[in-house]
Amino acid sequence: MAVASADWVQDTGDDDWDEEFDEDHDEVPELRWDAYKSAWKHCLDRIQHIVHKLHEPVVNSISQQIGDAYSQTLPGLPHSELPVIAVSNLGGGSTFLDELTRHLDPDEDDEEPSIYTNHISPAQCPNITNGMRALITGFTKRPPDKRKTPRTTASSSLASYDITILDAWYSAVRKDREKRDQPLPNLVVLLHDFERFDPSIMQDILYICSLHIPKIPIVFVVSLLSPQSPTYLHVTYPRSTLAVLRIRQFSVPSGAHLLDEIILGTFFSNDFRPDIILGPAALSFIVDQFERYDSSVESLIHTLQLAYLKHFTHEPLSLLCYTMPSESESFSFESLLFTRLVTEKDVDVDAWTRVTLGNKVLNARDELYESAQVKRVGFGLLRLVYQFLKILSDVDVLVAKIKNLKLSEVELLLSEMHDYFEEASDERNAIVNLQDMEDGRRAKSGLAHWFHEYIEDTAAPLDDLTLAEVWYTGLTPYPMELINPSMRSTVVGGLLRPYEFASPPSSESVWAGSIADLPDTSILFQRYLDSGRMINVYDWYESFRGVLEMQREEGRASPRKKGKGKAKAKDKKDEKKWQLECQARFMRALHELDYMGFLKHTGRKADHVLKTVFEIGDDE
């Protein structure tokens, strides 16, 4: 793990902090962005490692099932059965299927894959023709042998949805593999969101494929959001379809178990230290979001990523996780850091240098990380006692339960605590001393007292530590507006203040508050707000054109010359073109407001439209 080193603490020989700070050369935002990417990558790698460990047993079982799909079949069956693997993934998302694909077909450019894979989504199967085309072309686009491009055969004259094309393609694969004495690959079709496929279409596709096995060894892997028992297949599809299928069911870890493994393994594990420690406010929101709205792995990762992004966006000193800006370009940054570090105890602040600041930051970081590690160990001990006593309550109740344990249970609890703590630690020595007591009652009372004091000592908040806000989010609320934004206020705010959402056309132009400097849609929306319940379109156009005339006057390079016939004719022609331009710009802006739902047409007056938005709040 990359950590902030002391290389930026070395003295450069220049301790003058009174030099002019040039914002044009400020590197702090870029360094904060780099620090965010490094911290999030460190966290994401840990999450992906945990998810991989959770999925690995299921992935290996499915891979074994796919490999044996046509080699281990029941003898004496009247017809071949089409292998179908139903994967129940209650959390949803494509993380598991992507991981399964990487395991089955690690490199799509591999000349000799052991398994060919093809992903099909519900949008690719609006009818049986498109569904069969997606199934066939997903395999035949890859070369059947060591050629870099698919071989052109006589079967290419057939329709792209004819399964005979797939038959001819696999015959070429079989011929090439048998010539080189290589095992034949299976063809795996992965169906995402299987409940969204039209059952009548899938019945026909499954039936067609069942007629060509085992000559074409197809295996279907379907991703289900429904529970494992009873499966969606048995509930939805008729017995005639199920009779030609050999269904194997698997379940992917999801729900509370998945959430506990990721959160506890990332932020509360003794063998991992995250660069940014999430506080109770962010963690509570993340858990609530997962349990109530979206329990997929992708959603959980995105929610955690937004928490990291918010921290690095709103905390100016967050880049200290990894680095510090160069001395020549960080006057304002060092001033802010100096302000947060100075306390009443620091009397000789005039003697502080850049080296002093760096050492203070490193000491603060080490102190916070050590305190956080102690709390993680204490939390792990608390979970151990929870599991042993099979009760989830506060510390006082746990202490009372420990005092009421039998002597044999106390010995067992002490043994588990002894194994939990690392060797040569003060906690383990305390447990050993309790185990050596001959009087069991004293040992039980001593254990309860030690446990209570230990938990109380580790429960001190991190907010009181120096510069804790750099590495700890604390009680900072989660940026809920990024997940559930207010669409109405955002759209209205974008129309009223467009340059807060996008840069002006010219980098040098700054909006001075004049309506003539706004885009056409914003101009029309301003006039929209000034009108009543119904808007006369012609009057609306005239007011809009008046603003455009202001723009034209301000943008005119020189006054028009009068008194010449040619000049008058040219001006008349230009005026006609200007009117057409005004009408075109008005219609475009009008259609944009109509598309966003600000207008309602009425049949009573053809030249009027109704407003749908009347009052604009102060936050908009």
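The structure we're discussing is the one just above.
Each chain has its residues counted from 1, running along the sequence as written. Local features are withheld for residues below a pLDDT of 70 in this predicted model, meaning they are given only at 70 or higher, and side-chain atom pairs are given and counted only at 80 or more; totals for whole chains, interfaces and linings count all residues. As a rule here, side-chain values cover all heavy atoms of the structure and leave hydrogens and water aside.

## Quick word on a nonpolar patch on the surface
For clarity, the cut-off: Each patch is built from residues that are more than 30% exposed by relative accessible area and take part in no salt bridge. Like charges join if they lie within 9 Å; nonpolar side chains (Val, Leu, Ile, Met, Phe, Trp, Tyr) join within 5 Å. Accessible areas in this description were obtained via Shrake-Rupley with a 1.4 Å probe; residue shielding takes into account the shown protein chains only. Salt bridge, as used here, is a side-chain nitrogen of Lys or Arg placed within 4 Å of a carboxyl oxygen of Asp or Glu. The way it works is that DSSP assigns letters per residue, a run of H or I at least four long becomes a helix, a run of E at least two long becomes a strand, and they are numbered from the N terminus. For the exposure calls, accessible area comes from a 1.4 Å probe over protein chains only, and a residue counts as buried if that area is under 20% of its type's maximum, exposed if over 50%, partly exposed in between.
A contiguous nonpolar surface patch, about 340 Å² in accessible area, is contributed by V491, Y595 and M596. Along the chain, M596 turns up in the loop between α22 (565-595) and β7 (599-601). The partly exposed category is assigned to M596, whose relative accessible area is 37%.

## Remarks on a negative patch on the surface
Applied cut-off: Here Asp and Glu are counted as negative and Lys and Arg as positive; His is not counted, and neither are the chain ends. Lysine's charge is taken at NZ, arginine's at CZ, aspartate's at CG and glutamate's at CD.
A grouping of D394, D396, E453, E456 and D457 is seen on the molecular surface, where their side chains present a negatively charged patch. Position of D396 relative to the elements: it lies in helix α13 (residues 395-403). Here D396 falls in the exposed class, since its relative accessible area comes to 52%.

## Quick word on the sheet that holds β7
Let me state the cut-off plainly: DSSP bridges decide pairing: two strands pair if at least two such bridges lie between them. Fitted lines through C-alpha atoms give the axes, limited to the stretch in contact for helices. The angle between two N-to-C directions lies from 0 to 180 degrees.
The antiparallel open sheet is built from three strands, whose spatial order is β6-β8-β7. Either end of the sheet is taken by a strand with one partner, and the two such strands are β6 (534-536) and β7. Averaged over all neighbouring strand pairs, the angle between strand axes comes to 40°, with direction disregarded. The pairing of β6 with strand β8 (residues 608-611) spans three bridges and is antiparallel. If you follow M534 over to β8, its bridge partner there is L610.

## Examining the packing of helix α14 (residues 407-420) against helix α16 (residues 440-458)
Where we set the bar: Our angle categories are set so that under 35 degrees counts as roughly parallel, over 145 as roughly antiparallel, 65 to 115 as roughly perpendicular, and the remainder as oblique. For any helix crossing, the convention is left-handed if the near helix is rotated counterclockwise from the far helix by under a right angle, and right-handed if that rotation is clockwise. Only heavy atoms matter for contacts: two residues are in contact if any of them lie within 4.5 Å across the pair.
It is the contact of α14 with α16, at a shortest axis distance of 10 Å, that shows an interaxial angle of 45°. Judged by the inter-axis angle, α14 sits oblique to α16. In this structure, α14 crosses over α16, and the sense of that crossing is left-handed. Contacts between α14 and α16 involve L407, V410, L413, L414 and M417 from the first element and G440, R441, K444, L447, W450 and F451 from the second.

## A few points about unusual backbone geometry
Leaving glycine out, the prevailing phi sign among residues is negative, and the prevailing peptide bond configuration is trans. In this structure, the amide linkage connecting I213 to the following residue, P214, adopts the cis form with an omega of 0°. If you check the backbone angles, D181 has positive phi at about 55° while not being a glycine. Of note, D181 is situated in the loop between α4 (163-179) and β3 (186-191). By relative accessible area, D181 is classed as exposed at 70%.

## A look at the layout of surface pockets
Threshold: Buriedness for pockets is judged along seven lines, at least five of which must meet protein on both sides within 12 Å for an open set on the 1 Å grid over protein atoms alone, while cavities are sets there where a 1.4 Å probe fits but cannot get out, and lining residues have an atom within 4 Å of a point. Grid points are joined across faces, edges and corners, and a volume is the space filled by probe spheres set on the points. Only Asp, Glu, Lys and Arg are considered charged in this grouping, and only Ala, Val, Leu, Ile, Met, Phe, Trp, Tyr, Cys and Pro are considered nonpolar; every other residue, Gly among them, is considered polar.
Each pocket or cavity is described by its volume, and for the largest pocket that value is around 890 Å³. L264, F268, L283, K375 and F379 are the residues nearest the centre of the largest pocket, which is lined by 31 residues in total. Of all the secondary structure elements, the ones that give two or more residues to the lining of the largest pocket are α8 (255-267), α9 (280-292), α12 (354-389) and α16. Considering each element in turn, the lining of the largest pocket owes the most residues, nine residues, to α12. Here the residues of the lining of the largest pocket are counted per class, giving 22 nonpolar, five polar and four charged. Among the elements of the structure, α1 (28-67), α8 and α12 are those that each provide at least two residues to the lining of the second largest pocket. Classifying every residue of the lining of the second largest pocket by side-chain character gives seven nonpolar, seven polar and six charged.

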